[in-house]
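One-letter residues, chain by chain:
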Protein chains: 2
Amino acid sequence: MESPIKQISRVLRSEDDFLVVSHYNPDGDALGSTCAMGHILKALGKQFTLYNTSGVPQRYDFVNKPAEILTELPERLPKWTIVLDCGAKDRMGDELMKRVDQTRIIDIDHHLGNGDYGEINWVDVRQPAVGSMIAELATELEVPLIGGLAECIYLAVATDTGFFSYGSTTPESLELAATMLRHGLDLARMNERITKQWSEERMRLWSEVMSDVQLFADKRVAVGTITQEIFERTGTTSGDTENIINFIRRLKSVRVAAILREEGENCYKFSLRSYGNDNVQEIASQFGGGGHKNASGGTIEAPLDEARELLVSAITAALELD
Amino acid sequence: MESPIKQISRVLRSEDDFLVVSHYNPDGDALGSTCAMGHILKALGKQFTLYNTSGVPQRYDFVNKPAEILTELPERLPKWTIVLDCGAKDRMGDELMKRVDQTRIIDIDHHLGNGDYGEINWVDVRQPAVGSMIAELATELEVPLIGGLAECIYLAVATDTGFFSYGSTTPESLELAATMLRHGLDLARMNERITKQWSEERMRLWSEVMSDVQLFADKRVAVGTITQEIFERTGTTSGDTENIINFIRRLKSVRVAAILREEGENCYKFSLRSYGNDNVQEIASQFGGGGHKNASGGTIEAPLDEARELLVSAITAALELD
């Protein structure tokens, strides 16, 4: 049987008129992959429309776009829909879900349990990012990995691998970065754009949260707390909390880092991070949440002190830290 | 003429009894290179002694050592001395400087202006780290890049390139990481060890410094201040301030980030960081300091407010921010 990447290449070459979409609240991989796919279609001389129900987050306003990314679907939908980095079909957004032609979906993803909702499904969980899959597709289609295409692929892969530091990093993804660098990618400039995105307000927020990290279970559990009051006082939003948990887990003694973030009255979202064999997915599932072994989250409906106590007790019991 | 790497390979193969040294206050590259060279000599069945006048910093206590790293020189010095990552000869430490056999120094370095103080000098400023040079040497000597050797080389290269994010990152260094990963290097575990080194005290220090960053010149200059009083109150030392300046320069509006750190009465060390064409080396040199275009430092003898004003004025004038 023809491999998915060959099938997709054949469709991209022989057909025309594509909608490219990734999940709402796009991260670097979703956004980078969307634009990278657009650059490929542009190089092939195809008609295409880029779409994301949440649009481009401000922190990625520098992304090299081959066309505007629409937040409203056009009246007439393109013939084919390329769905990127969506582990479940509904991640493409409600309106598109209703209107999409089910028989012409190309599903490119690296999430476990994708469900193969497309007409063609290329799902590879060993890939560190969808961006690295788009790079393989470009090579298959003989579109060179240079210019805007290289920038978008780098954004996707670098952000999804924590700058090549996570266990998901593959030799191929490092070689991909090497190839793009050799062909002129300005790595330093890209990294400046990706990291130099802080407001004074966010720095104050982080400072407050870091000053008040609480330690439990002989310092092996760390909990940072973010209330609506802190958001209001520092002039920040939940978007400013991204990655703060990775900072908290730098504490040498800590095996599980947690963030509790107030969502509403007596309602707290939590995130958990661990290393190696410490499984925080199981802990999150006790509260109806989910995620991966070393990164999970969920919601607890309780006043702050009680929510914190419930969470710490669950962590302590699960990891037998008593 | 025989290339330096061939000359060094020949000496390592045919001779015996080596001292391996890097600069005092070793960073990840200095320490990783020292241990990597030890692993190579061990694989070659040679006698060797590892030495560093400052010893192993606590944050690198996980480093895979092929032998203890001595902080005192033995009575009888080894025949050959391999000097790593020392841009100037005196960086190897005073005692060794006095006693070393000048005719048997092997100098391996990537600093501009090294001065070729060795009998054999392999100085290559295009290399992102001395660690990547040691990797080339291992390949030349047919020592496989696995186990402890790979860990030490990764430590050296990853820390000196800011995890492959600085402009100094080369395609070859990314390919080197790919090769070591393919041969079994546990990237995630290494990165956990490198980053998971924080004390509660350091988190409090960072929180305090971040809460008090001052902005000048229409927010294009940011200054963080660290006094002896903050060190005492938070129970930290200057080692805990490493990298905090890179955090401050994440502010979107900022072109030059600065840290002023109290060294003694009316005496402040400063560090400067910039991006692209903004040259902070020239600014540092006005105060008798030095460094590179985007990273420099020096000392100002004045009370805090005056020191800050002098520094900000110099930055503002140099970058024409008025």
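Residues numbered from 1 in each chain as written. Chains lettered and ligands numbered in written order. Predicted model: local features only at pLDDT ≥ 70, side-chain atom pairs only at ≥ 80, totals over all residues. Heavy atoms only, no water.

Q: Teacher, can you tell me more about the pattern of salt bridges here?
A: Pairing between side chains becomes possible if they bear opposite charge and their charged atoms approach one another. Tallied over the entire structure, the rule returns 40 salt bridges over all chains. Residue Glu2(A) pairs with Arg10(A) through a salt bridge whose shortest N-O separation is 2.9 Å. The residue Glu172(B) makes a salt bridge to Arg182(A) at a minimum N-O spacing of 3.4 Å. Here Glu172(B) is found in helix H6 (residues 171–182), whereas its partner Arg182(A) is found in helix H6 (residues 171–182) on a different chain. The class of Glu172(B) is partly exposed, set by a relative accessible area of 45%. In this structure, a network of salt bridges that share partners links the residues Glu172(A), Glu175(A) and Arg182(B). (Salt bridge = Lys/Arg side-chain N within 4 Å of Asp/Glu carboxyl O. Helix = DSSP H or I, 4+ residues; strand = E, 2+ residues; numbered from the N terminus. Buried < 20%, exposed > 50% of the residue type's maximum accessible area, 1.4 Å probe, protein only.)

Q: Just to check I follow, could you spell out unusual backbone geometry for this structure?
A: What you tend to see is this: most non-glycine residues have negative phi, and most peptide bonds are trans. A positive phi angle, close to 80°, is found at Asp17(A), a residue other than glycine. Relative to the elements of secondary structure, Asp17(A) occurs in the loop between helix H1 (4–14) and strand S1 (18–22). In this structure Asp17(A) comes out as buried when scored by relative accessible area, which is 14%. Although it is not a glycine, Glu142(B) sits at a positive phi angle of roughly 60°. Within the fold, Glu142(B) resides in the loop between helix H4 (130–140) and helix H5 (147–160). Its relative accessible area of 68% is what places Glu142(B) among the exposed residues.

Q: Hey, could you run me through the UniProt feature "domain: DHHA1" (unreviewed entry) in chain A in this one?
A: Cross-referencing UniProt, the feature "domain: DHHA1" (unreviewed entry) maps to residues 226–318 of chain A in the present numbering. With 35% helix and 29% strand, residues 226–318 of chain A has its two end C-alpha atoms placed 24 Å apart. (UniProt positions renumbered as here; feature names shortened; annotations may be inferred.)

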